[in-house]
Amino acid sequence: MAAGEYVSVRSQADSEEAALNLERAELEADDAGERRELTAIYASRGLDPALAKQVAEQLMAHDALGAHARDELGISETLSARPIQAALTSAASFAVGAALPLLTVALVSGPSLIPVVSGTSLVFLAILGGLAARVGGASVRVGAMRVTFWGALAMALTAAVGTLFGTVA
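Below: a short report on this structure. Everything quoted here is computed from the prediction, not taken from an experiment.

## Section: the layout of surface pockets
And step 1. Within this model, the largest pocket holds a volume of roughly 560 Å³.
And step 2. Lining the largest pocket are 14 residues, and of these Ser93, Gly97, Ala98, Leu125 and Leu128 sit closest to its centre.
And step 3. At the level of elements, helix H4 (83-107) and helix H5 (113-136) are the ones that each hand at least two residues to the lining of the largest pocket.
And step 4. For the lining of the largest pocket, the element with the most residues is H4, which contributes seven residues.
And step 5. Classifying every residue of the lining of the largest pocket gives 10 nonpolar, four polar and no charged.

Written as C-alpha cells, this is what we have:
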C-alpha cells in the first residue's frame, strides 16, 4: 500500500516539477507575455484590469515563478505533492486498519470465521470512514456509507474471484 501511494504521489510531484520547469523557461523566454498572462488571470477573477496589472507586477517582482505556480498552475508549498509523507501515512493507516480484523481472527475460529471477520471488517470500515469524514469536516453518514459500500464491493469481488479459482468454499 505504502509503495503504491509513494509511486502515485511521486508521479504527481514529478508532474508538478516538470510544469514548474516549463514555467521557469517561459518566464525567461517571454517575461512580458507572462506578465500579461498573470494580469489576465487576476482580471478574470474579478480585479479591475489596472489593479490586476499592478498586482501581477508586484507579485512577479517579488517571486515570479511562485506567482505563476500558485495562480496559473495551482501549485503551492502547502498543497504540493509529498510522496514520503503519503507513503508513511498509507503504511500507518494500513497497519491500524489491519489490526482490528486480525484481532477478530485471533478471537474467532471455526466455520463462523469468514462471516464474522467480514462483518466486523465492514463495521470497522464504517467507523473509520465516519471518523475520517468527521475529521475532514464532511458528512459522517455519507463517509461511513461510502467506505462501507466500496469495502463490501471489494470483499465480494475478492470472494467471487476466489470462488472462481476454487480457493474459497
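## A short note on the packing of helix H1 (residues 2-29) against H4
And step 1. At a minimum axis distance of 8 Å, the contact between H1 and H4 shows a crossing angle of 155°. With respect to each other, H1 and H4 are oriented roughly antiparallel. Crossing handedness for the pair H1 and H4: right-handed. When H1 is examined against H4, the residues Ala2, Glu5, Tyr6, Val9, Arg10 and Ala13 are found in contact with a partner set consisting of Pro83, Ile84, Ala86, Ala87, Ser90 and Ala91.
And step 2. Grouping the amino acids of the contact of H1 with H4 by side-chain chemistry returns nine nonpolar, one polar and two charged.

## What to know about H5
Helical geometry note: an α-helix holds 3.6 residues per turn, so side chains three or four residues apart project in the same direction.
And step 1. If you check H5, its first and last C-alpha atoms are 34 Å apart, about what 24 residues at 1.5 Å a residue would give, namely 34 Å.
And step 2. All of the buried residues along H5 are Val117, Ser121, Gly129, Gly130 and Ala133.
And step 3. Here the buried face of H5 lies against H4 and helix H6 (140-164).
And step 4. At the C-terminal side of H5, Gly137 shows a positive phi close to 80°.

Cut-offs and rules
- Residues numbered from 1 in each chain as written.
- Predicted model: local features only at pLDDT ≥ 70, side-chain atom pairs only at ≥ 80, totals over all residues.
- Heavy atoms only, no water.
- 1 Å grid on protein atoms, 1.4 Å probe; cavity = no way out; pocket = protein on both sides within 12 Å on 5 of 7 lines; lining within 4 Å.
- Points joined across faces, edges and corners; volume = space filled by probe spheres on them.
- Helix = DSSP H or I, 4+ residues; strand = E, 2+ residues; numbered from the N terminus.
- Nonpolar A, V, L, I, M, F, W, Y, C, P; charged D, E, K, R; others polar.
- Axes fitted to C-alpha atoms, helices over the stretch in contact; angles between N-to-C directions.
- Parallel < 35°, antiparallel > 145°, perpendicular 65-115°, else oblique.
- Left-handed = near helix turned anticlockwise from the far one by under 90°.
- Contact = heavy atoms within 4.5 Å.
- Expected span 1.5 Å × (residues − 1).
- Buried < 20%, exposed > 50% of the residue type's maximum accessible area, 1.4 Å probe, protein only.

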